[in-house]
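A closer look at the structure
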Amino acid sequence: MSASLALAERLVVPLIDLPSSSSMPTQDFFLCYRDGSLKLLDKQTLKKGGLEVEIDPRPGEQHSYPAPKKDLLAQAIGKKTKSVIDATTGWAQDSLAIFRMGYEVNCIERSPVMAELIQDGFNRLAQKDWMQNRQLQPPGLMVGNAISLLGNLPEAPDCIYLDPMFPPKRKKSALAKKAMTVLRDILGDDEDRADLFAAAWQATAKRLVVKSPDYAEPMGGKPSEVYQGKLLRYDVYIK
Ligand SMILES: C[S@@+](CC[C@H](N)C(=O)[O-])C[C@H]1O[C@@H](n2cnc3c(N)ncnc32)[C@H](O)[C@@H]1O
């Protein structure tokens, strides 16, 4: 069975053969294996391009492994932390940055479409020379709602990381990256943020980190520590 057919069956979505379909498909979003990765496309990017889970270091990030724990994210996660669960994985950019700093990372994502994109990214990561030379395994991925999954963990992690989708301040933010705009278009805001916070606070052994836009109120009242960036901050709650 082709990878595309297997994917369509897993997600229970139609399989469209684009070159042979005469008219424009009616769907707004598409998944496609292209140039060695699974990509998410909209009608503008249907012919070429598309979004994938980027597995290489972000601009400005060091390429060594483990990367130095010196930016705001590292400070929020904490130098003594060993295990981290990212309960809102999305495009996995935060999970992967945390992983590259040498933390043990496990991920949760409830959107089956995002989970397919994330798993494809993690499979590509496993093939990288720097991963294989060090015999590293990519982060684990659990698919489902973190509010229930966090209640059934075999072992409490040192830190749980949350980056839920907040409603935007302005209707259309020029600054929002294409990947995040598409995520909001597909999934909407995460309206159950308060329940997720409560479940994560119960489940973490030591710390809970919430990434927040600068305009949003802290999710769990006054945080123990705050790491303020330009447009976002990390609120840290310590047990
Ligand atoms: C803003 S995005 C996260 C972006 C991510 N930090 C990154 O670096 O790409 C939020 C993601 O969390 C997921 N999410 C939100 N609430 C969740 C929950 N209760 N359980 C599992 N996933 C959840 C959404 O489906 C979405 O993909």
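Report follows, based on the coordinates.

Thresholds, definitions, all that
- Residues numbered from 1 in each chain as written.
- Predicted model: local features only at pLDDT ≥ 70, side-chain atom pairs only at ≥ 80, totals over all residues.
- Heavy atoms only, no water.
- Helix = DSSP H or I, 4+ residues; strand = E, 2+ residues; numbered from the N terminus.
- Rg over C-alpha atoms; globule rule 2.2 N^0.38 Å.
- Buried < 20%, exposed > 50% of the residue type's maximum accessible area, 1.4 Å probe, protein only.
- Contact = heavy atoms within 4.5 Å.
- Lys, Arg positive; Asp, Glu negative; His and termini not counted.
- Charge placed at Lys NZ, Arg CZ, Asp CG, Glu CD.
- Core = buried A, V, L, I, M, F, W, Y, C linked by side-chain atoms within 4.5 Å.
- Domains from an automatic or database assignment.
- Near = heavy atom within 4 Å.
- Polar contact = N/O pair within 3.5 Å; in protein donor to acceptor, adjacent residues only side chain to side chain.
- Areas by Shrake-Rupley, 256 points an atom, 1.4 Å probe, with all protein chains shown as cover.
- Nonpolar A, V, L, I, M, F, W, Y, C, P; charged D, E, K, R; others polar.
- Phe/Tyr/Trp six-rings, centres within 6.5 Å; stacked < 30°, edge-to-face > 60°.
- Lys NZ or Arg CZ within 6 Å of the ring centre and 35° of its normal.
- Pairing = 2+ DSSP bridges.
- Axes fitted to C-alpha atoms, helices over the stretch in contact; angles between N-to-C directions.

1. Observations regarding the overall build of the chain
Secondary structure assignment for the chain yields eight helices and nine strands. Taking 2.2 N^0.38 as the reference for a compact globule, 239 residues should give roughly 18 Å; the C-alpha atoms of the chain span a radius of gyration of 18 Å, in line with that estimate. Across the 239 residues in the chain, those meeting the buried criterion constitute 43%. For the chain, long-range pairs separated by at least 24 residues make up 61% of all intrachain contacts whose partners lie at least 6 apart in sequence. Measuring between centres, the 32 positive side-chain charges of the chain sit 6 Å from its 30 negative side-chain charges.

2. Comments concerning the nonpolar core
Judged by nonpolar contacts, the single largest core of 39 residues is most densely connected at Val53, Leu73, Ile77, Trp91, Ile98, Tyr161 and Val209. In terms of residue count, the dominant contributor to this core is helix H4 (residues 112-126) (five residues). When residues of this core are assigned to domains, at least three fall in each of domain 1 (3-45) and domain 2 (72-238). Those residues in contact with Ile98, other than ones at most four positions away along the chain, are Leu73, Ile77, Val84, Tyr103, Val105 and Tyr161. Grouped together as the second largest cluster of nonpolar side chains are 16 residues, Ile85, Ala200, Ala203 and Leu208 included.

3. Thoughts on the site of the ligand
Close contacts around the ligand come from 20 residues, with Asp94, Glu109, Asn145, Ala146 and Asp163 the closest. Here Trp91 contributes a backbone N or O atom positioned 3.0 Å from an oxygen atom of the ligand. Contact distances for the ligand include 2.7 Å between a nitrogen atom and a side-chain N or O atom of Asp163. The protein chains hide 98% of the 610 Å² of surface that the ligand would expose on its own. Sorting the residues of the shell around the ligand by element identifies helix H3 (93-100), helix H6 (146-149) and helix H7 (178-187) as the ones contributing at least two each. Looking at the shell around the ligand element by element, the count peaks at three residues for H7. Among the residues forming the shell around the ligand, the class breakdown is nine nonpolar, six polar and five charged.

4. Examining the packing of aromatic side chains
Inspection of the entire model under this criterion finds three aromatic pairs. An angle of 85° between the planes, with centres 5.0 Å apart, marks the rings of Phe197 and Tyr237 as edge-to-face. Of this pair, Phe197 sits in helix H8 (residues 193-203) while Tyr237 sits in strand E9 (residues 232-238), and the two are 40 residues apart along the sequence. Through successive ring pairs, a cluster of aromatic residues spans Tyr65, Phe99 and Trp130. The positively charged end of Lys69 is found above the aromatic ring belonging to Tyr103, 4.4 Å away from the centroid. When the ring centre of Trp201 is taken as reference, the NZ or CZ atom of Lys239 above it lies at 5.4 Å.

5. Structural notes on H3
Summarising burial for H3: eight of the eight residues are buried, a large majority. Within the sequence span of H3, burial applies to Gln93, Asp94, Ser95, Leu96, Ala97, Ile98, Phe99 and Arg100.

6. Examining the pairing of strand E1 (residues 29-34)
When E1 meets strand E2 (residues 37-42), the two strands line up antiparallel, connected through six bridges. Across the sheet, Cys32 pairs through a bridge with Lys39, a residue of E2. Hairpin remark: E1 followed by E2, antiparallel, with two residues in the connecting loop; positive phi at Asp35, about 50°.

7. A word on unusual backbone geometry
Of note, the bond from Tyr65 into Pro66 is cis; its omega dihedral lies within 30 degrees of zero at -10°. Relative to the helices and strands, Pro66 is located in the loop between E2 and helix H2 (72-77). For Val12, which is not glycine, the phi dihedral falls at a positive 50°. Even without being glycine, Ala92 reaches a positive phi, approximately 65°. Within the secondary structure, Ala92 is located in the loop between strand E3 (83-86) and H3.

8. A look at the sheet that holds strand E7 (residues 207-213)
Here seven strands make up an open sheet; going across it, the order is E5-E4-E3-E6-E7-E9-E8 and the pairing mixed. Strands with a single pairing partner mark the edges of an open sheet, and in this sheet they are strand E5 (140-143) and strand E8 (225-228). Neighbour-to-neighbour, the strand axes of this sheet turn through a mean angle of 20°, independent of strand direction. Pairing between strand E4 (residues 104-109) and E5: four bridges, direction parallel. Bridge pairing in E5 places Glu109 opposite Val143. Across the sheet, H3 lies against E3, E4, strand E6 (159-162) and E7, angled at about 170° from E4, the strand it touches most. Lying over the sheet, H4 contacts E4 and E5, oriented at roughly 170° with respect to E5.

Coordinates in, geometry out; function isn't part of it.
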